[in-house]
Amino acid sequence: MAKVDFLLYINTGTTELPVYTKVGGQRGGTLTMENDPIELTTKDSDGFNEYDYGFSDWSLEADGLYVVNETSHDALIDAFLNKEQVLARWRRADGTGKGFEGSTIITEYSIEAPYDDESTYSISLQGSGAPVEVAPGP
């Protein structure tokens, strides 16, 4: 099985002129896309539940080594404290595959600083609106 790495980027520029900065120190990450089903079962459903698509949802999570004075981490902390939305991009690290981007809010940002080990972070971003597919590239 081939290993495919994905990276999380955030906009550290402006809305009009986005600058995507890789979140430093990333080790792991998860893109989750979900659909809430709407049950349409009736007495004519032959004993089986029937469903259709309802509202959709998406989120991003990442974790890794915390990098001090990293532009991306400073921007994430500022956005969290100021309750600002963050434009986030999730894409393959090798630039050959499509990715997704969209507006998010930070629902959790944790920094763990143990006494005798490296400091780490974890972040959860909740999508706000629909994500957009982006073409292959850096």
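Check the entry above for the structure.
The following paragraphs examine the structure supplied in this document. (Residues numbered from 1 in each chain as written. Predicted model: local features only at pLDDT ≥ 70, side-chain atom pairs only at ≥ 80, totals over all residues. Heavy atoms only, no water.)

With respect to the overall build of the protein chain
- Helix and strand content of the protein chain: one helix and eight strands.
- Put simply, the protein chain runs from its N terminus to its C terminus through helices and strands in the order β-β-β-β-α-β-β-β-β.
- Taken over the C-alpha trace, the protein chain has a radius of gyration of 18 Å; the compact-globule value for 138 residues is 14 Å, which it surpasses by more than 25%.
- Across its three principal directions, the C-alpha atoms of the protein chain cover 60 × 40 × 35 Å.
- A total of 138 residues make up the protein chain; the buried ones form 28% of that total.
- Put simply, 61% of the contacts in the protein chain that link residues at least 6 apart link residues at least 24 apart.
- Accessible surface, the protein chain: about 9,300 Å² in total, of which carbon and sulfur atoms supply 50%. (Helix = DSSP H or I, 4+ residues; strand = E, 2+ residues; numbered from the N terminus. Rg over C-alpha atoms; globule rule 2.2 N^0.38 Å. Buried < 20%, exposed > 50% of the residue type's maximum accessible area, 1.4 Å probe, protein only. Contact = heavy atoms within 4.5 Å. Areas by Shrake-Rupley, 256 points an atom, 1.4 Å probe, with all protein chains shown as cover.)

So, the nonpolar core
- Core analysis: the biggest nonpolar cluster contains 16 residues, and Leu-8, Leu-60, Leu-76, Ile-106, Ile-123 and Leu-125 have the highest contact counts within it.
- Counting only elements with at least two residues in this core, the list comes to strand S1 (6-11), strand S4 (51-65), helix H1 (71-82), strand S5 (86-92), strand S6 (99-112) and strand S7 (120-127).
- Contacts of Leu-125, omitting those with residues within four sequence positions, involve Leu-8, Ser-59, Leu-60, Ala-88, Thr-104, Ile-105, Ile-106 and Thr-107. (Core = buried A, V, L, I, M, F, W, Y, C linked by side-chain atoms within 4.5 Å.)

As for the environment of Gly-28
- Within the secondary structure, Gly-28 sits in strand S3 (residues 26-39).
- Sequence separation of Gly-28 and Thr-120 is 92 residues, and the distance between their C-alpha atoms is 11 Å.
- Look past the residues within four positions of Gly-28 in its chain and what remains in contact with it is Glu-61, Ala-62 and Asp-63.

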